[in-house]
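Structure at a glance
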Amino acid sequence: MAAQRVFPLSCVVQQYAWGKLGSNSEVALLLASSDPLAQISEDKPYAELWMGTHPRGDAKILDNHISQKTLGQWIAENRDSLGSKVKDSFNGQLPFLFKVLSVKTALSIQAHPNKELAEKLHLQAPEHYPDANHKPEMAIALTSFQGLCGFRPVEEIVTFLNKVPEFQFLIGDNAATQLKQSMSHNSRAVASALRNCFSHLMKSEKKVVAEQLNLLVKRISQQVAAGNNMEDICGELLMELHQQYPGDIGCFAIYFLNLLILKPGEAMFLEANVPHAYLKGDCVECMACSDNTVRAGLTPKFIDVPTLCDMLNYTPSPSKDRLFPPKQSQEDPYLSIYDPPVPDFTVMKIEVPGSVTEYKVLSLDSASILLMVQGTVTASTTTAQAPIPLQRGGVLFIGANESVSLKLTVPNDLLLFRACCLL
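So, here's what we can say about the structure. (Residues numbered from 1 in each chain as written. Predicted model: local features only at pLDDT ≥ 70, side-chain atom pairs only at ≥ 80, totals over all residues. Heavy atoms only, no water.)

On to the overall build of the protein chain. Along its length, the protein chain carries 11 helices and 24 strands. Against the globule reference of 22 Å for 423 residues, the protein chain gives a C-alpha radius of gyration of 23 Å, in line with a compact fold. Dimensions of the protein chain, computed from the C-alpha atoms along their principal axes, are close to 75 × 45 × 40 Å. On the protein chain, roughly 18300 Å² of surface is accessible, and the fraction owed to carbon and sulfur atoms is 52%. When the 36 basic and 43 acidic side-chain charges of the protein chain are each reduced to a single mean position, those positions are 2 Å apart. (Helix = DSSP H or I, 4+ residues; strand = E, 2+ residues; numbered from the N terminus. Rg over C-alpha atoms; globule rule 2.2 N^0.38 Å. Areas by Shrake-Rupley, 256 points an atom, 1.4 Å probe, with all protein chains shown as cover. Lys, Arg positive; Asp, Glu negative; His and termini not counted. Charge placed at Lys NZ, Arg CZ, Asp CG, Glu CD.)

Set out below in C-alpha cells:
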C-alpha cells in the first residue's frame, strides 16, 4: 500500500498578550470548531494558530497509522513529499509558516531584514536575530483588518507636520523643512529627507516623547469632549495606541505610515525593509520561516533603532498601492492566487458555493497546508485509508503531487486557504 501523504493536523495556538480574548478570537473559534475537546477560556488571549514545522509550534499529526508524531519529524523522513524543486531549493525543509492571527492590541512597528542583512545581523547578535533568513510576510483579512504599512506620500506627512505641532517638535524644524523642500526634487531627495525625519523621531529622548505625547493626547481629548472631530489627525487611533502603549514613540509613527483597512479577502504583502504594524482584526498570514524582526515601537521588547533607520525602504507610496490583489485562476473558477514576488510561499483562496457537491483540489508539485475556514467536507485521496472528515478549523497536510477530492457533506459554501511553494 502506498505511504500516506495526506493527513489532518492539530496545530499549536500561541497565547500572546496582544491576542483577542476567548470567543472574540477567530483563532479560538477555529480551534473550538475543529477540536470538540478544546476548552476556550474567555479571559485568555488566543493570538496565533501556527500551521507548519517551526520548532516552537510543530503541528501534530492526527493519524494513528503514521509513526511520526509531528509534521517536522515526518517531513524529515519523507522529503520527497515537499516536491522536487522545493526539496532542493530549501534544503529539505518546508519553506513557509502558515498562520491565523487574531489581533486585539497593536503589534510592534517593525520591519524584517533581507537575506543579506539577516545573515549579518545573525552573526553579530544571535540573541536578537535567531536565524539567517529573510522574513517576507503576507496578511489576508478574514474580518476587517487594520494595519500600518510603508511610508505615506510626503504630502500627507507634511500635512501632519502642519497640523500636529507635537509631531513637528519631535522631528525638528530643520528636518521638517528639508522634507517640505524635497517635494519639488527627485525621489532620492525625498527618500533622504524622509529618512532624516524618521531617524530624528526614533532617536528622540524617551522623556521628550512622553511629554509631547501627553500634550497631544490632552489636546485631542479636549477637542473630542467639545464635540470636534479629530479624524484629520487620526485622533481615535492615536488615543487607542496611547492607551495600549502609554508614552511609546510608536504612537507618532501613524503620521509616517499608511493606515490600511483591509476588507475580508484583501491582502497586504510586506517585503523586506518595509515598516509595518498590525493594529486589529483577524487574518490569515503566510511567511518565510524566520524569527528576524527589527522593532521600532509599540513594544516592551528590544528596539534596535540604528539598524532600523539604516535598513528601511524610504520610498513613499499611497495606501492603495500597498494592497496586494490576488489573480483569478484560469483553470479553476473557485480559486484566487496571492503570489508574492518571493520564492518561499504562495497562498490560494478557495471559495466553493454550497450547490457544488464535490471539489477537486489542484494537484501541485509542492507540499501544501489547507485550512478550512467555512464548510464541512470529507477529503478523499488515493493514499488515505479512509475519507478524512474536515470542518471549520480543520487543517490538512497535502504532499506534493497528491490529488485530493473534497465532498461537501453539508450544502454550505466553502472557504479555504492553502499555503504552498510555487517554484
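Formed by 59 residues in total, the largest nonpolar core has its most connected members in Phe167, Tyr255 and Phe256. At seven residues, the largest contribution of residues to this core is made by helix α8 (residues 187-202). Beyond its immediate chain neighbours, meaning those up to four positions away, phenylalanine 167 contacts Ile157, Phe160, Leu161, Phe252, Tyr255 and Phe256. Counting residues in each nonpolar core, the second largest holds 44 residues, with Cys11, Ile61, Val100 and Val284 among its members. (Core = buried A, V, L, I, M, F, W, Y, C linked by side-chain atoms within 4.5 Å. Buried < 20%, exposed > 50% of the residue type's maximum accessible area, 1.4 Å probe, protein only. Contact = heavy atoms within 4.5 Å.)

Right, let's get into the sheet that holds strand β19 (residues 368-374). Pairing in this open sheet of eight strands is antiparallel, and the strands run β6-β1-β22-β19-β24-β17-β16-β15 from one edge to the other. The open sheet has two edge strands, β6 (60-61) and β15 (327-328), and neither has a second partner. Sheet topology places strand β1 (residues 6-10) next to strand β22 (residues 395-398); four bridges connect them, and they run antiparallel. The residue bridging phenylalanine 7 from the neighbouring strand is phenylalanine 397, located in β22. (Pairing = 2+ DSSP bridges.)

Once that is clear, we can look at the pairing of strand β10 (residues 145-151). With seven of seven residues buried, β10 lies mostly within the body of the structure. Direction of pairing for β10 relative to strand β11 (residues 257-262): antiparallel, over a ladder of five bridges. In the strand pairing of β11, phenylalanine 145 is matched with leucine 262.

In an α-helix, one turn spans 3.6 residues; hence positions three or four apart end up facing the same way. Over its 20 residues, helix α9 (residues 206-225) extends 28 Å from the first C-alpha to the last, a length consistent with the 28 Å expected when each residue adds 1.5 Å. At its buried positions, α9 is contacted by α6 (165-171) and α10 (235-244). Just beyond α9, the residue with positive phi is glycine 227, at close to 85 degrees. (Expected span 1.5 Å × (residues − 1).)

A few words now on the layout of surface pockets. Of the voids in this model, the largest pocket is the one considered here, and its volume is about 710 Å³. Tyr16, Trp18, Gln110, Arg295 and Lys301 are the residues nearest the centre of the largest pocket, which is lined by 32 residues in total. Listed by contribution, the elements that provide at least two residues to the lining of the largest pocket are β5 (48-51), β7 (96-103) and β13 (276-288). Considering each element in turn, the lining of the largest pocket owes the most residues, four residues, to β13. The class makeup of the residues in the lining of the largest pocket is 14 nonpolar, nine polar and nine charged. (1 Å grid on protein atoms, 1.4 Å probe; cavity = no way out; pocket = protein on both sides within 12 Å on 5 of 7 lines; lining within 4 Å. Points joined across faces, edges and corners; volume = space filled by probe spheres on them. Nonpolar A, V, L, I, M, F, W, Y, C, P; charged D, E, K, R; others polar.)

Here we take up the pattern of salt bridges. Overall, the coordinates contain 19 salt bridges when judged by the stated rule. Where arginine 5 meets glutamate 402, a salt bridge forms, and the shortest distance between an N and an O atom there is 3.1 Å. With arginine 5 in the segment before β1 and glutamate 402 in the loop between β22 and β23 (404-408), this residue pair connects regions lying 397 residues apart in the sequence. The salt bridge partner of arginine 195 is aspartate 310, with a shortest N-O separation of 2.8 Å. Residue arginine 195 is found in helix α8, and its partner aspartate 310 is found in helix α11 (residues 305-311); the two are separated by 115 residues along the sequence. For arginine 195, a relative accessible area of 35% corresponds to the partly exposed category. Judged by its relative accessible area of 53%, aspartate 310 falls in the exposed class. (Salt bridge = Lys/Arg side-chain N within 4 Å of Asp/Glu carboxyl O.)

Nothing here speaks to function; it is all geometry.
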